[in-house]
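# An overview of the molecular structure
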Amino acid sequence: MNKNQSLFLLIRSLSKSEKRYFKLFAAKSGSREAKQSIILFDAIEKQSSKRSRKIMQYDESLVYGKLVNTPLAKQFSAAKLYLYNMILKSLHLFHDNVAEKVKEQLHYIKILYDRNLHDQCFEIILKAKRIAKKYDLNELLLQLLDWEKITIHNVELQSGSLVEKTEKIIREEDLIIDRMARVRMYKNISFKFLSIPYKSDAFRRKETKELFKKLNRTDFFSDKEEGENFNEAFYRYKAYDFYYSRNEEHLNSYRYTKKIILLMESNPEQIHFSPIRYVGSLNNHMLNCRRLGKYNELRSGINIMRSFAGTLNESHSYIHTLVFQSTYVFELKLYIDNGEFDKALGVVNVINDIIKKYDKGISELYKLFFYFNFSLVYLGLGDFRTALYWNNMEFNNPATRLYDSHIRSLTILNLVVHYELQNFDLLSSIIRSLYRGAGFKQKFNEYEVRLLDLFHALVNLNLSSGNNKGITTLFSDTKRDLLMIRKKNPLVVSDPPDFDIVSWLNSKIENRSFAEIVKEKAGKIVS
């Protein structure tokens, strides 16, 4: 990333409360540099408040031009660095959490110990230990146990020998080290599973199977003394989830994402400690609910996530944005999967209104998800020109180029929309361009190539001759081939797919609307 953009993007990411806190924090400092940092902050913030659709747009020359006659201009680079670090310090204080409070207690312990106030030091150690245990802060707990070993020799003990108490601390320390080793093992296994791409043959390899066997050995995580603690259970469940989700075993993945949700909800202090982890876990579980067609549970998850976001204050603005993005994508998918395109249109309008008001907070990736589903909604409504508009919005978004699989899905949808609009000349041009592309067969999988062949054949067919029988045969043959490819290789397309192309083919074969076919498939037969 261009270094000139870093400060701009950091300021752009701040909520109103965070900006207000920064200015109070800087003003309280009272230094000349701090006062100048507020001036520089205001100059950059004016650009960030424009909410340009080009997320990376920032013209530093305009900022410098406004400050050229001030002392800031002489040390502009140093002033930017000072401001950047000061914002981070203010955010650190603004988002104070339990872990930071325990670290603060550790500092107090050192201060008291250096003054030989060992009784006071020991009291803080015991208090901080209770907090660290409650929130499973094992790294900090080890530091506290170190201080306890040092301090206990200088404290007048009411009961038990010094040897017994020292042995007890050492046993507690060993237990924590063992737990941390298991958590690290689960994390490492998870990351190895996560590093394997979706729809990969890597899960058939010997080393991946050995990792799963290692995960499956209960003796690695069974703790006979106290049982599994939160972090052990959480990261063990995550390891299973990553394995099954990467292997497209959605039912098994669902079972473990549900275990994670139940684990967190039975440990509410962990939700308070890391609300972003809870929201992320809910998001993963909702993804599995959609994959398995558990739409009632998906609706419940949407409501739970939105209700939870409503309990968070403005300092968690990034979570509010994530919840908006996630829940509205799922709500769109829910209606699209069930052929309820009229209801989906209402959601499209809500999303568009929110994006207009809060464009800067919406990630470019989620905009792609929104635009793709907007196009599907209008396809289902039979409004093909508006569907094409949202297709073009995606193609014109620079972020689209970062996601190969998304480009391929978008390309297929684009061909469908152009076919519906009878843009045969343009369709012919697009097909020729795709076939001429370098590494065409490597870029698209077997399933997608078969679809491209369909549109190539449709273009070459003399459509003006009214050969409807020939066209219907093309659709039928393509549907048969796609189902055979999916049966032979289930990983070739997501389940449920981003776009239900088979239902669209059925609509052409049976001369019925796409919406009617999708509704019927979902069990909602139109009378």
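For the structure itself, look to the data block above.
Residues numbered from 1 in each chain as written. Predicted model: local features only at pLDDT ≥ 70, side-chain atom pairs only at ≥ 80, totals over all residues. Heavy atoms only, no water.

### Concerning the overall build of the protein chain
Operational definition: A run of DSSP states H or I qualifies as a helix once it reaches four residues; a run of E qualifies as a strand once it reaches two. Both are numbered from the N-terminal end. Partly exposed describes any residue whose relative accessible area lies between the buried limit of under 20% and the exposed limit of over 50%, with all areas from a 1.4 Å probe on protein chains only and scaled to the type maximum. Contacts are assigned to residue pairs with any non-hydrogen atoms lying within 4.5 Å of each other. Here the open area of atoms and residues is found with the Shrake-Rupley method and a 1.4 Å probe, where only the protein chains shown may cover a residue.
In terms of helices and strands, the protein chain carries 26 helices and zero strands. Within the protein chain, the proportion of its 527 residues that are buried is 49%. Relative to all contacts within the protein chain whose residues are 6 or more apart in sequence, the contacts with residues 24 or more apart total 66%. As presented, the protein chain carries roughly 27,600 Å² of accessible surface, and 52% of it is formed by carbon and sulfur atoms.

### A word on the packing of aromatic side chains
The condition that has to hold: Stacked, tilted and edge-to-face pairs are distinguished by plane angle, under 30 degrees for stacked and over 60 for edge-to-face with tilted covering the rest, among Phe, Tyr and Trp rings (Trp via its six-membered ring) whose centres lie within 6.5 Å. In this scheme, Lys NZ or Arg CZ marks a charge over a ring once it lies within 6 Å of the ring centre and within 35 degrees of the ring normal.
Within the structure shown, the criterion is met by 28 aromatic pairs. On the numbers, 5.3 Å between centres and 65 degrees between planes, the contact of Y113 with W147 is edge-to-face. Note that Y113 is positioned in helix α6 (residues 98-114) and W147 in helix α8 (residues 138-152), a separation of 34 residues in sequence. Look at Y113 and you get partly exposed, because its relative accessible area is 24%. When the centroid spacing of 5.9 Å and the interplanar angle of 85 degrees are considered together, the rings of Y419 and W504 count as edge-to-face. Placement of the pair is Y419 in helix α20 (residues 404-420) and W504 in helix α25 (residues 501-510), with a sequence separation of 85 residues. Comparing Y419 with W504 shows no difference in burial state: the two are buried. An aromatic cluster is present here, built from F324, Y328, F370, Y371, F374, Y389 and W390 joined pairwise through their rings. Note that K259 overlies the ring of Y256, its terminal NZ or CZ placed 5.7 Å from the centroid. Taking the ring centre of Y328 as reference, the NZ or CZ of R306 above it sits at 4.3 Å.

### Comments concerning the nonpolar core
Worth spelling out the cut-off: Residues grouped as a nonpolar core are buried Ala, Val, Leu, Ile, Met, Phe, Trp, Tyr and Cys residues, joined through side-chain atoms within 4.5 Å.
Counting 100 residues, the largest nonpolar core has F370, F455, F499, I501 and W504 as the members making the most contacts within it. Apart from residues lying up to four places away in sequence, F370 is in contact with F324, Q325, Y328, V329, L332, I351, I355 and I362. A99, I125, L144 and I176 belong to the second largest nonpolar core, which has 24 residues in total.

### Here we look at helix α15 (residues 295-310)
Defined as follows: What a helix is expected to span follows from its residue count: subtract one and scale by 1.5 Å.
Across its 16 residues, α15 extends 23 Å between first and last C-alpha, which sits within 8% of the 22 Å expected from 1.5 Å per residue. Looking at the buried residues of α15, the elements they touch are α13 (268-273), α14 (275-291) and α16 (317-337).

### Quick word on unusual backbone geometry
Phi at N116 takes a positive value of approximately 60 degrees, unusual for a residue other than glycine. Mapped onto the elements of the fold, N116 is located in the loop between α6 and α7 (118-134). Note on N116: relative accessible area 59%, which makes it exposed. Phi is positive for D136, close to 60 degrees, though the residue is something other than glycine. Structurally, the position occupied by D136 is in the loop between α7 and α8. Residue D136 is classed as buried on the basis of its relative accessible area of 9%.

### What to know about the side chain of K333
Tracing the backbone shows K333 in helix α16. In contact with K333, other than residues within four places in its own chain, are R290, N373 and D498.

### Digging into the environment of L298
Examined against the element boundaries, L298 turns out to sit in helix α15. Separated by 13 residues in sequence, L298 and H285 have C-alpha atoms that sit 8.5 Å apart. If near-sequence neighbours (up to four positions away) are discounted, L298 is found in contact with M286, C289, R290, F330 and L334.

### Examining the side chain of N288
If you trace the backbone, N288 turns up in helix α14. A relative accessible area of 1% means that N288 is categorised as buried. The residues touching N288, leaving out its near neighbours within four places in the chain, are D241, H250, S253, Y254 and T257.

### Details of the packing of α16 against helix α18 (residues 364-381)
Each pair of packed helices can be described by the angle between their axes along with the distance between the axes. In plain terms, the rule: All axes here are fitted lines through C-alpha atoms, helices being fitted over the stretch that makes contact, and every angle between N-to-C directions spans 0 to 180 degrees. By the definition adopted for this analysis, an angle is roughly parallel if under 35 degrees, roughly antiparallel if over 145, roughly perpendicular if from 65 to 115, and oblique otherwise. Handedness of each helix crossing follows the sense of rotation of the near helix against the far helix: counterclockwise by less than a right angle gives left-handed, clockwise gives right-handed.
At a minimum axis separation of 10 Å, α16 and α18 run at an interaxial angle of 20 degrees. Taken as axis vectors, α16 and α18 run roughly parallel relative to one another. In this structure, the crossing between α16 and α18 has a hand that is left-handed. For the pair α16 and α18, contact is made by F324, Q325, S326, Y328, V329, L332, K333 and I336 and by Y366, F369, F370, N373, F374, L376 and V377, respectively.

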